[in-house]
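# Observations on the three-dimensional arrangement
Next come the chains, spelled out residue by residue.
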2 protein chains.
Amino acid sequence: MIKTSEIVKRILQHNEGKINSVYFVAAGGSLVDMYVSYYFLQAESTTLTTGWYTSNEFVHVQPKRLGANSIVFVCSHSGSTPESVEAAHVAQQAGAVTVGLTFNAKAELLKYSDEKIVYEWGNEREVVNNPMAIMLDMSAQILAGLEGYDQLPAFRDAFAKIDTIVDNAIDQVQPRTKAFADKYAHEKMFYILGSGPSFGHAYGFAICSLMEMQWLDAAPIHSGEYFHGPFEVTDKNKPYIVLESVGRTRPLDERALKFLHKYAEKVEVVDAKELGLDMIDSKVAEFFNPILFYTILSEYRAKLADKRDHSLDVRRYMGKVPY
Amino acid sequence: MIKTSEIVKRILQHNEGKINSVYFVAAGGSLVDMYVSYYFLQAESTTLTTGWYTSNEFVHVQPKRLGANSIVFVCSHSGSTPESVEAAHVAQQAGAVTVGLTFNAKAELLKYSDEKIVYEWGNEREVVNNPMAIMLDMSAQILAGLEGYDQLPAFRDAFAKIDTIVDNAIDQVQPRTKAFADKYAHEKMFYILGSGPSFGHAYGFAICSLMEMQWLDAAPIHSGEYFHGPFEVTDKNKPYIVLESVGRTRPLDERALKFLHKYAEKVEVVDAKELGLDMIDSKVAEFFNPILFYTILSEYRAKLADKRDHSLDVRRYMGKVPY
């Protein structure tokens, strides 16, 4: 795993250590990868304010608190997403310490990054080097440094285990992802349910995996919101993918599933517990749901793409027309 | 407008006035109504932490900061939404001052509300008495009381004008909402775009107006996120409703619209500026977008319901089966 303890040490010394806010800013898939870190700080911190912003909204509406007491994470896989580069720029101008994460060592983003993290990518069985894991690890260290958050040993243990869990889970889901692709190849729209730390990936699977990479209609639904409007469209013909998390919000997912199993017939469950996430200490396990879900959902989308004969890499607008 | 200054005064004296957080907790449509207050405090406050939670997630994962220094708004139209009642309960037990808003003077919610607000409902031309307006007004007063936020006169002026603006806008959109219903009566799915203070209502129109009340598929998309995945599904046959806000995030909506006008053909624009919102002082106008949009979108949904012969009041699950 990329060693970030020196970086965190420097960040926490910024402006004499008077950090009061941590913002996560990116667009699309990179924003999705930040959700769990945002969720973690929003839930666990007693002194920090946090925020989760799509880059262009952050560029146009910076929180008034943004300044020398702020840490701003900005992530862009290519490192050249204009809105994200500009977000890092405005954050730096406001006096914040900026942490840029990218796959591209020559990224424009790094010009405006006080701390530069060039991550690895492509090996789905080594998730600890993904930006999602790196930012979560740094967020836990930041909270430990500022507030004495005492679960760092559990975090370290979890990071030591997560690659093995994911690796096993990939093998475990091979038959069911193939069956999924066979069953759902001709569907036109999917609802993706999730809660707590995993809501980011419910959103991400909808907008990146299905809309962007498969040109399929999709919508995320928070499992807790499902019963307050969205469930009225439920019927036997509508496909649902449910991310069943380990952790405090699992009862929300279970409740939605109970209903879906009664009134829907096209329900695919991705259960983090069944896939081994409960091997992690329950005090921190929930923060690792999205790391597992991302890789497992990538298996689902790969099989769907194969079956539909629609490459995950083909785009009609992105990088092809001006916008 | 319901006079809340005495309530705000009491709230701000809670725990010797050491308020450090304001949380907005509700489910479905009531949660939607809170988004702008959350957005306002997230953008404008330099001392407060804020959060926007679906009730059942708040019940299962309360932020560690929740306590005697917290204000928790809980809204439930019926006042009996179990998750929202429980959210007020746990917030009160944690020592927070709870503000309950409901249409029902005998609501269970009020048992756990330190401050009780029974609002009016039903007159779409008197929006200042809607919970959305009441909470926004209180949020501005809270920020003025705690940090000296200096736009209260502009807020008061805006509240004095907003009913007239909405009233005129309702008349103005009559022909176009009828045309919308004629054109889109047979569509099966809609994307709703919005940004900044209006993203809540992009979400709300999707989950409440279309999914819940019309059993139509729908998905909200943040205008800033549109170009980072979701736009790949855009084509001539897909319907988009775009909430074009007045204020700082308007360029995000304009950019999405420019693209949609080129690559889509079914695009309905609801432009707050054209509908008169720029009559409000530009320093606060953006916070009034959702108040205008809610009522105008209600006109759209009413015409669609008429044309589709699908009453807005009919449900298949809500209140009919156990869940």
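Residues numbered from 1 in each chain as written. Chains lettered and ligands numbered in written order. Predicted model: local features only at pLDDT ≥ 70, side-chain atom pairs only at ≥ 80, totals over all residues. Heavy atoms only, no water.

Our focus in this paragraph is the nonpolar core. One finds Phe73 and Phe288 of chain A together with Phe73 and Phe288 of chain B to be the most contacted residues of the largest nonpolar core, which totals 210 residues. Beyond its immediate sequence surroundings of up to four residues, Phe73 of chain A is in contact with Val22, Tyr23, Phe24, Val25, Met34, Val99, Leu101, Met135, Met138 and Ile142 of chain A. (Core = buried A, V, L, I, M, F, W, Y, C linked by side-chain atoms within 4.5 Å. Buried < 20%, exposed > 50% of the residue type's maximum accessible area, 1.4 Å probe, protein only. Contact = heavy atoms within 4.5 Å.)

So, about the pattern of salt bridges. If the charged atoms of two oppositely charged side chains come close together, the side chains can form a pair. A complete count under the given rule lists 38 salt bridges over all chains for this structure. Across the pair Glu115 of chain B and Arg10 of chain B runs a salt bridge, and its minimum N-O distance is 2.8 Å. You can see Glu115 of chain B sitting in strand β5 (residues 115–118) and its partner Arg10 of chain B sitting in helix α1 (residues 5–13), a full 105 residues away along the chain. Residue Glu16 of chain B is joined to Lys18 of chain B by a salt bridge in which the shortest nitrogen-to-oxygen separation is 3.7 Å. The exposure class of Glu16 of chain B is exposed, given its relative accessible area of 70%. Assessed through its relative accessible area of 47%, Lys18 of chain B is described here as partly exposed. Salt bridges sharing partners connect three or more residues here, namely Glu44, Arg248 and Glu286 of chain A together with Lys64 of chain B. (Salt bridge = Lys/Arg side-chain N within 4 Å of Asp/Glu carboxyl O. Helix = DSSP H or I, 4+ residues; strand = E, 2+ residues; numbered from the N terminus.)

It is worth spelling out the relation of the copies chain A and chain B at this point. One chain copy maps onto the other through a rotation about an axis and a shift parallel to that axis. Its rotation angle being 180 degrees, the transformation that places chain A on chain B also includes 0.0 Å of axial translation and leaves an RMSD of 0.0 Å. Taken together, the rotation and translation relating the two chain copies correspond to the operation of a two-fold axis. Most of the interface of chain A is mirrored in chain B, where 100% of its interface residues again form contacts. (Least-squares fit on C-alpha atoms with pLDDT ≥ 70 in both.)

With that settled, consider the state of the cysteines. Residues and elements named next belong to chain A. Overall, the coordinates contain zero disulfides over all chains when judged by the stated rule. Sulfur of Cys208: no disulfide; nearest cysteine sulfur belongs to Cys75 and is 12 Å away. Here Cys208 falls in the buried class, since its relative accessible area comes to 10%. (Disulfide = S-S within 2.5 Å.)

Counting residues at the interface gives 70 residues for chain A and 70 residues for chain B. In this assembly, chain A packs against chain B so that about 5900 Å² is buried in total across both faces, 52% of it on carbon and sulfur atoms. Looking at the side of chain A facing chain B, the largest losses of area belong to His228, Glu232 and Tyr317 of chain A, adding up to 13% of the total buried there. Taken together, the links from chain A to chain B amount to six salt bridges. Our count for the chain A to chain B interface comes out at 42 residue pairs in polar contact (both at pLDDT 80 or more). Residue assignment for the side of chain A that touches chain B shows that the elements contributing at least two residues are β1 (21–26), α2 (29–44), β2 (49–54), α3 (55–60), β6 (189–194), α8 (199–214), β7 (217–222) and α9 (250–263) of chain A. No other element matches α2 of chain A, which puts six residues into the side of chain A that touches chain B. Its residues assigned to classes, the side of chain A that touches chain B comprises 34 nonpolar, 21 polar and 15 charged. (Buried area = accessible area lost by both parts, 1.4 Å probe. Polar contact = N/O pair within 3.5 Å; in protein donor to acceptor, adjacent residues only side chain to side chain. Nonpolar A, V, L, I, M, F, W, Y, C, P; charged D, E, K, R; others polar.)

The next point concerns unusual backbone geometry. The backbone of Glu16 of chain A sits at a positive phi, close to 55 degrees, despite the residue not being glycine. Position of Glu16 of chain A among the secondary structure elements: in the loop between α1 (5–13) and β1.

All names here are of chain A. One can read the domain layout of chain A as domain 1 (5–150) and domain 2 (174–308). Each of domain 1 and domain 2 has a C-alpha centre, and the two are 27 Å apart. Summing both partners gives a buried area of about 1600 Å² for domain 1 against domain 2, and 73% of it is carried by carbon and sulfur. By the criterion of area lost to domain 2, the three top residues of domain 1 are Val32, Tyr39 and Glu124, representing 33% of everything that side buries. Here domain 1 and domain 2 share one salt bridge between them. The interface formed by domain 1 and domain 2 holds two residue pairs in polar contact (both at pLDDT 80 or more) in total. (Domains from an automatic or database assignment.)

The next point concerns the environment of Ile117 of chain B. All names here are of chain B. Relative to the elements of secondary structure, Ile117 occurs in strand β5. Taking relative accessible area as the criterion, Ile117 reaches 2% and is therefore assigned buried. Separated by 86 residues in the primary sequence, Ile117 and Leu31 have C-alpha atoms spaced 16 Å apart. Here Ile117 is in contact with Ile2, Thr4, Ile7, Val99, Gly100, Leu101, Thr102, Ile134 and Met138, once residues within four sequence places are set aside.

What follows is about the environment of Asp281 of chain B. Residues and elements named next belong to chain B. For Asp281, the location among the structural elements is in the loop between β9 (266–271) and α10 (289–308). Since its relative accessible area comes to 26%, Asp281 is described here as partly exposed. Looking at Asp281, its side chain comes within polar contact range of the main-chain nitrogen of Lys283, at 2.9 Å.

So, about the side chain of Thr98 of chain A. Residue and element names in this part refer to chain A. Along the chain, Thr98 falls in strand β4 (residues 97–102). With relative accessibility at 1%, the residue Thr98 sits in the buried group. In this structure, Thr98 is in contact with Val72, Ala88, Ala91, Gln92, Tyr112, Ser113, Asp114 and Glu115, ignoring residues within four places of it in sequence.

Right, let's talk about the pairing of β1 of chain A for a bit. All names here are of chain A. With six of six residues buried, β1 lies mostly within the body of the structure. Here β1 shows two buried faces, one formed by Ser21, Tyr23 and Val25 and the other by Val22, Phe24 and Ala26. Relative to β2, β1 runs parallel, the two being bridged by six bridges. Following the sheet pairing, Ala26 is matched in β2 by Thr54. Regarding topology, α2 serves as the crossover connection from β1 to the parallel β2, and that connection is right-handed. (Pairing = 2+ DSSP bridges. Right-handed = clockwise from strand over helix to strand, strands pointing away.)

What follows covers helix α6 (residues 152–172) of chain B. All names here are of chain B. For α6, built from 21 residues, the straight-helix expectation of 30 Å at 1.5 Å per residue is met to within 8% by its first-to-last C-alpha distance of 29 Å. Along α6, the largest kink reaches about 35 degrees and is centred on Lys161. Residues Leu152, Ala154, Phe155, Ala158, Phe159, Ile162, Asp163, Ile165, Val166, Ala169 and Ile170 constitute the buried set of α6. (Expected span 1.5 Å × (residues − 1). Bend = angle between axes of the 7 residues up to and from the residue.)

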